[in-house]
Amino acid sequence: MKTCLVVDDSSVIRKVARRILEGLDFEIVEAEDGEKALELCKNGLPDAVLLDWNMPVMDGYEFLRNLRRMPGGDHPKVVFCTTENDVAHIARALHAGANEYIMKPFDKDIVTAKFQEVGLI
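Definitions and cut-offs
- Residues numbered from 1 in each chain as written.
- Predicted model: local features only at pLDDT ≥ 70, side-chain atom pairs only at ≥ 80, totals over all residues.
- Heavy atoms only, no water.
- Helix = DSSP H or I, 4+ residues; strand = E, 2+ residues; numbered from the N terminus.
- Contact = heavy atoms within 4.5 Å.
- Buried < 20%, exposed > 50% of the residue type's maximum accessible area, 1.4 Å probe, protein only.
- Pairing = 2+ DSSP bridges.
- Right-handed = clockwise from strand over helix to strand, strands pointing away.
- UniProt positions renumbered as here; feature names shortened; annotations may be inferred.
- Axes fitted to C-alpha atoms, helices over the stretch in contact; angles between N-to-C directions.
- Parallel < 35°, antiparallel > 145°, perpendicular 65-115°, else oblique.
- Nonpolar A, V, L, I, M, F, W, Y, C, P; charged D, E, K, R; others polar.

Draft legend 1. Quick look at the environment of Thr83. Following the sequence through the fold, Thr83 ends up in the loop between β4 (77-82) and α4 (87-96). In the structure, Thr83 is positioned 20 residues away from Met103 in sequence and 5.7 Å away in space, judged by C-alpha atoms. Excluding residues that lie within four positions of it along the chain, Thr83 makes contacts with Met103 and Lys104.

Draft legend 2. Region of the structure containing the pairing of strand β5 (residues 100-103). Across the two faces of β5 the burial differs, with Glu100 and Ile102 buried and Tyr101 and Met103 not buried at all. Pairing analysis gives four bridges linking β4 to β5, with the strands arranged parallel. Pairing of Cys81 across the sheet is with Ile102, part of β5. Note that the unit made of β4, α4 and β5 has a crossover that is right-handed.

Draft legend 3. Spatial organisation of the UniProt feature "modified residue: 4-aspartylphosphate" (unreviewed entry) in the protein chain. The feature "modified residue: 4-aspartylphosphate" (unreviewed entry), as given by UniProt, occupies Asp52 in the numbering adopted here. For Asp52, the location among the structural elements is in strand β3 (residues 48-52). Once residues lying within four places of it in the same chain are set aside, the contact partners of Asp52 are Val7, Asp8, Asp9, Gly60, Cys81 and Lys104.

Draft legend 4. Spatial organisation of the packing of helix α3 (residues 60-69) against α4. It is at 9 Å that the axes of α3 and α4 come closest, and there the two elements cross at 20 degrees. Between α3 and α4, the angle falls in the class roughly parallel. In this structure, α3 uses Tyr61, Leu64, Arg65 and Arg68 to contact α4, whose residues at the interface are Arg92, Ala93 and Ala96. Grouping the amino acids of the contact of α3 with α4 by side-chain chemistry returns four nonpolar, no polar and three charged.

Draft legend 5. Expanded view of the UniProt feature "domain: Response regulatory" (unreviewed entry) in the protein chain. With numbering aligned to this structure, UniProt lists the feature "domain: Response regulatory" (unreviewed entry) at residues 3-119. Taken end to end, residues 3-119 comprises 45% helix and 22% strand; its first and last C-alpha atoms sit 14 Å apart.

Next up, the structure:
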């Protein structure tokens, strides 16, 4: 079974993402900020990361930069979630190593399509 790390400071978003991803046969691990997510990755890299961009402690951008520098950190497919829709914001995320992005709010169809695009399903 593939694993997905869901990183978001909103427990509601994590719960929605968990429900969707478990329905797609992913085992879910959760973190409420980038720092906790990075600690989890040090214990074992997931197959996928669904990553919020704006979080306290360590934001998604800083997490992603640190993840990609880790041994094997280029392996997880990272789909970031954001409420920002400007091109510069999205370009910055993709340049930092994100594979794809999803706009909030998202639903099962959007998550499924993006995970298919990056080869996770």
